[in-house]
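Here are the chains, one letter per residue:
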Amino acid sequence: MTTNDVLKEVKGNPVAFQDCFIANSLFLLTSPMLTIPEIPGFLPISSPRGSQLIANWAACDPSFVVVVADMETFQTNDSFHTWTRIRVPPNILTEDERHNVSDVTLSRDGIFFLINGILYLKSYNTFTRLGSNANLPDGGIIGITSRRWCWINYLLKDKERRSDMAIWTENEVYLGYTLLKFVKIVTTEKLKGLLNMSPTATLTIHRVEYTGHPLELALLLNYCIICNTSKTIYLVIYNEDTIQWVFQDFALDVTIDTFLIPYFLYSAKPELLLWDKHRIYYYYHNFTDTGVLQTTTEFGNLSRLSQNSIIHNVLMDYYGNIVVKMENNVMFYFKLKVKDAIKLHLWTNSTVKSLVCFKPSGSMYLLYVFENGKIYPEDYPLKLEAQSITFKTKEKCPYMAFHNDIVHFSYLLDKGQNLSVWAQIVYPENIGLYIIVESYGPKILEMKNKIHYEIASGYCSKTMTITFSQNINYEAVDDYFKLQYENTGLLLVHVRPSELAKTCPISQKVFQISVGCDASKFIAVKGFTKKECLQHDFFYIIEQSYLRDRPSKPLRVKYNWDKYGCPLRVDFREKFRPLVQLYNDNGYVEDVEVNFIVWEIHGRDDYSFNNTMKKSGCLNEAQTWNSMIELNKHLPLEEVWGPENYKHCFSYAIGKPGDLSQPYEIINKSNYNHLVWPLDHSGMYVFRVKILDPNYSFCNLTTIFAIETFGVIPSPNAYTVAAFLFLLMLLFLSILILSYFHYMRIYRKQIYEPLHKSERRKKKN
């Protein structure tokens, strides 16, 4: 289990025990989050007297909850098995301010309270007012919200992170990130221009809510020209990654004082519930299927069915079950895509303040807060309660079973990878059900369906196999990076039966498919570690004649052990072929079989390759480091050659003729190309590897390995030595003979010439 994969599904084996089966359930396993300790002398903080409970919990850790009552604020990290009270230091808030909390949001930074239009943060050690010091307005804030649905794994194309919360005034929207970073993303004046609205019209922000999409945010906007009796509510959706505003096909005419609360459902396409005090409005299938949630009587007016109480809260789980709780604790139940609700049995009396919450298993529980400040959680058997009601109404599910093999909530596809899943529905004969597959997001995957149909003993089964695939070729394109950008993104997929009922078992599966770089992937060269050598840094010298740029003096290099690891010692008479392997967080994945290149990061070029272009099968001259450097002189060495400009040499239509006896500088697992070392000296080489195949991965996969060559410099050839010695002896003998005659001549000159001179003198005398 990885650190980010916190959402699991516990599935029961298909074995009956005393006519019972184990129901599937979700389970969230997260690291513990600390609650804020209660400090003696601090004062309570609460909502106004007589108000309903206000709660918020972490989307990916529903056991971490904060509840604001009208006498205290409570916090828990274990679904209220234990809890603490949140209190604030004196002399910061007045008495009225401490008892006027209108909204609350929980985050890793602490608990945010909205009091009289001002945002406050209660952290582990401090209680702080946030305003211009945090890039937020000093007043006028009308709402705060956080994410409802847990999406741990998601793909960001342009940004490093997504927001945790949204803050808004009547005319501005801010997004909040961890470490108390807040950014204003839009104003109503800017929205008027984006949506082509009249500049004289009045546009205000009604409500902000995160959608079921992990990167999207929705704004409900109040629009009116003469704002006396009526207004129109519009909806726009903002994508945090692409920074795009999309105006939705949504317009609702209401009275000027109407206030609606939105709740985006757990689905692929945007689906929304809106409610006022008395009714719930549904907007299914990307806002195309709309209406008022109906009841058996009173035409959907839930207040008339609950002693004139008003709607307090709406809650949906990951399986499509939706509960509506009234202020007097009357509850109604329906499912996603269902257009009518049933009234559940009364579970508690109408005077107790209560709240419907989630457990980490995904099941619901009721939380009671009593006037004396005590808290009591109680499990709520929603399934049994719903079955008890529907048993009397004789409502039946149109199908017998709905199965699938979608085991993850998030899938990530790299280049060339496909995904196949199946879903099966079993139903009585002659009903005519089928499986619906809905997707929402960019058109970056091809989807093909294959249906297998069987009928036996009056029952039909349809099994649909759904395959998501990619068919983009990234090789030799005009703009490699643009094409990559256009074909990466996040896609939500929703698999469900064509008909649903409140009595149906698990009736949907929502998951996301991301197409892009898997950040957990990395490559390494087999045989290189950081454990099998003396761990220390050292310096070495590279002669200038061994460097690519031929500098005027040698290069002194520091060997960084942390970066380069242990060098592999190789006899320079041996050829070396790096075997590149792909890994991820779970370990080894595969040997990399596609093309890759290597280069010495300090500029050495005193090595070569054993294969020539002709031997490798090239028809035209292949790319080399020298040719790519010549074409990209403005780029650093590590960027001159890569998958973005790779072109193969195995076609007459690509490249140009040239000298095919040159070394072929591209390596893969099967071409038997090796690195060849110089034999007249040893050295230290630090290589970087880069995957060259443009269709292998969206990631820029590189790694480093080091080679230290050694060996005895070979002696010259024996014939050469003999010839050299013969010439040397011949030269010596020649000099000796010449010296003999030279000295003989001197000797004769010294012996005979003086005698002749003396005889001449005698004759003269």
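Going by what an unreviewed UniProt entry lists, the protein chain is known as Cation channel sperm-associated auxiliary subunit epsilon isoform X5 and is assigned to Odocoileus virginianus. Checking UniProt for the protein chain, the heading Sequence similarities (unreviewed entry) contains the comment "Belongs to the CATSPERD family."

A. Here's a closer look at the overall build of the protein chain. Within the protein chain, the secondary structure is distributed over seven helices and 50 strands. The C-alpha atoms of the protein chain give a radius of gyration of 39 Å, which is well past the 27 Å a tight globule of 765 residues would have. Within the span of the protein chain, comprising 765 residues, buried residues form 49% of the whole. Across the protein chain, every contact between residues at least 6 apart in sequence was considered, and the portion connecting residues at least 24 apart equals 61%. Accessible surface, the protein chain: about 38900 Å² in total, of which carbon and sulfur atoms supply 54%. Seen as two clouds, the 78 positive and the 77 negative side-chain charges of the protein chain have centres 9 Å apart.

B. Expanded view of the sheet that holds strand β22 (residues 272–275). Overall, antiparallel pairing links the four strands, which are arranged β21-β22-β23-β24 in an open sheet. What marks the edges here is a single partner per strand, and that holds for β21 (261–264) and β24 (289–292). Along the sheet, successive strands turn relative to each other by an average axial angle of 15 degrees, direction set aside. Alignment of strand β23 (residues 280–284) against β24, held across four bridges, turns out to be antiparallel.

C. Fine view of the pairing of strand β14 (residues 165–168). Of the two faces of β14, the one carrying M165 and I167 and the one carrying A166 and W168 are both buried. Summarising the sheet, strand β13 (residues 143–146) and β14 pair through four bridges and their orientation is antiparallel. In the strand pairing of β14, I144 is matched with I167. Bridge count between β14 and strand β15 (residues 172–177): four bridges; the pairing is antiparallel. Bridging across to β15, A166 finds its partner in L175. In textbook terms, the turn of a hairpin is the stretch between consecutive antiparallel strands, and for β14 and β15 this stretch comprises three residues.

D. Structural view of the state of the cysteines. On inspection of all chains with the given rule, the structure shows five disulfides. Two residues, C60 and C150, share a disulfide whose sulfurs are 2.0 Å apart. Judged by the torsion about the S-S bond (105 degrees), the C60/C150 disulfide is right-handed. Pair noted here: C60 is in the loop between β4 (54–58) and β5 (61–68) and C150 is in the loop between β13 and β14, with a separation of 90 residues, a long-range link. A relative accessible area of 17% means that C60 is categorised as buried. Covalently, C517 is tied to C699 through a disulfide, its sulfur atoms 2.0 Å apart. Residues C517 and C699 are joined through a disulfide that is right-handed, its torsion about the S-S bond being 110 degrees.

E. Seen up close, the packing of aromatic side chains. Counted under the stated rule, the structure contains 41 aromatic pairs. Judged by centre distance (5.4 Å) and plane angle (25 degrees), the rings of F687 and F705 are stacked. Taken together, the positions of F687 in strand β49 (residues 684–691) and F705 in strand β50 (residues 702–710) put the pair 18 residues apart, joining distant regions of the chain. According to the relative accessible area criterion, F687 is buried, its value standing at 0%.

F. Representation of the pattern of salt bridges within the structure. Counted by the stated rule, this structure contains 26 salt bridges. Among the salt bridges present, the one from D340 reaches K502, with a minimum N-O distance of 2.6 Å. One end of the pair, D340, is in the loop between β27 (331–335) and β28 (342–343); the other, K502, is in the loop between β38 (489–497) and β39 (509–515), and 162 residues separate them in sequence. Across the pair K669 and D591 runs a salt bridge, and its minimum N-O distance is 3.1 Å. In this pair, K669 sits in the loop between α6 (625–631) and β48 (675–676) while D591 sits in strand β45 (residues 587–591), placing the two residues 78 residues apart along the sequence. The class of K669 is partly exposed, set by a relative accessible area of 31%. When its relative accessible area of 18% is taken as the criterion, D591 is described as buried.

G. Structural view of the sheet that holds strand β17 (residues 202–210). Taking strand neighbours across the sheet as the criterion, the four strands line up as β17-β18-β19-β20 in an open arrangement whose pairing is antiparallel. Edge positions in the sheet fall to β17 and β20 (244–255), since each has one partner strand and no second. Recorded for the sheet is a direction-independent mean angle of 25 degrees between the axes of neighbouring strands.

H. Geometry of a nonpolar patch on the surface. Where nonpolar side chains cluster on the molecular surface, the patch consists of V721, F724, L725, L728, L731 and I735 and spans about 570 Å² of accessible area. When you line up the elements, F724 lands in helix α7 (residues 718–764).

I. Broad picture of the environment of Y399. Of note, Y399 is situated in the loop between α3 (382–393) and β32 (401–404). Leaving out residues up to four positions away in the same chain, Y399 has contacts with I425, V426, Y427, L433, P497, E499, L500, C504, P505, I506 and S507.

J. Structural context of unusual backbone geometry. Phi angles above zero are rare outside glycine, and N196 is one such case at about 55 degrees. Here N196 shows up in the loop between α2 (188–194) and β17. The phi angle at N430 is positive, at roughly 75 degrees, despite the residue not being glycine. The residue N430 is located in the loop between β34 (419–428) and β35 (435–440) in this model. The exposure class assigned to N430 is exposed, which follows from its relative accessible area of 74%.

K. Layout of the nonpolar core. Formed by 65 residues in total, the largest nonpolar core has its most connected members in L273, I280 and V324. Considering every element that reaches this core, the biggest residue donor is strand β30 (residues 364–369), with six residues. Residues F596, Y607, Y646 and Y664 belong to the second largest nonpolar core, which totals 41 residues.

L. Structural context of the side chain of T624. For T624, the position within the fold is in the loop between β47 (608–609) and α6. Given the relative accessible area of 6%, T624 is considered buried. Beyond its immediate stretch of four places on either side in the chain, T624 contacts M613, W641, Q662, P663 and E665.

M. Layout of the side chain of N321. In this fold, N321 is placed in strand β26 (residues 321–326). Of the residues examined, N321 reaches a relative accessible area of 12% and is grouped as buried. There is a polar contact of 2.8 Å between the side chain of N321 and the side chain of Y333. Within the local environment of N321, its side chain forms a polar contact with the side chain of K335, the two groups lying 2.8 Å apart. Apart from the residues within four sequence positions on either side, N321 is in contact with L315, M316, Y333, F334, K335, M364 and L382.

N. Layout of the environment of D680. Structurally, D680 is set in the loop between β48 and β49. Exposure remark for D680: the relative accessible area of 54% places this residue in the exposed category. C-alpha of D680 to C-alpha of Q512: the two residues are 168 residues apart in sequence and 58 Å apart in space. Of the polar contacts made by the side chain of D680, one reaches the side chain of H681; its length is 2.7 Å.

Cut-offs applied
- Residues numbered from 1 in each chain as written.
- Predicted model: local features only at pLDDT ≥ 70, side-chain atom pairs only at ≥ 80, totals over all residues.
- Heavy atoms only, no water.
- UniProt positions renumbered as here; feature names shortened; annotations may be inferred.
- Helix = DSSP H or I, 4+ residues; strand = E, 2+ residues; numbered from the N terminus.
- Rg over C-alpha atoms; globule rule 2.2 N^0.38 Å.
- Buried < 20%, exposed > 50% of the residue type's maximum accessible area, 1.4 Å probe, protein only.
- Contact = heavy atoms within 4.5 Å.
- Areas by Shrake-Rupley, 256 points an atom, 1.4 Å probe, with all protein chains shown as cover.
- Lys, Arg positive; Asp, Glu negative; His and termini not counted.
- Charge placed at Lys NZ, Arg CZ, Asp CG, Glu CD.
- Pairing = 2+ DSSP bridges.
- Axes fitted to C-alpha atoms, helices over the stretch in contact; angles between N-to-C directions.
- Disulfide = S-S within 2.5 Å.
- Phe/Tyr/Trp six-rings, centres within 6.5 Å; stacked < 30°, edge-to-face > 60°.
- Salt bridge = Lys/Arg side-chain N within 4 Å of Asp/Glu carboxyl O.
- Patch = residues over 30% accessible without salt bridge, like charges linked within 9 Å, V, L, I, M, F, W, Y side chains within 5 Å.
- Core = buried A, V, L, I, M, F, W, Y, C linked by side-chain atoms within 4.5 Å.
- Polar contact = N/O pair within 3.5 Å; in protein donor to acceptor, adjacent residues only side chain to side chain.

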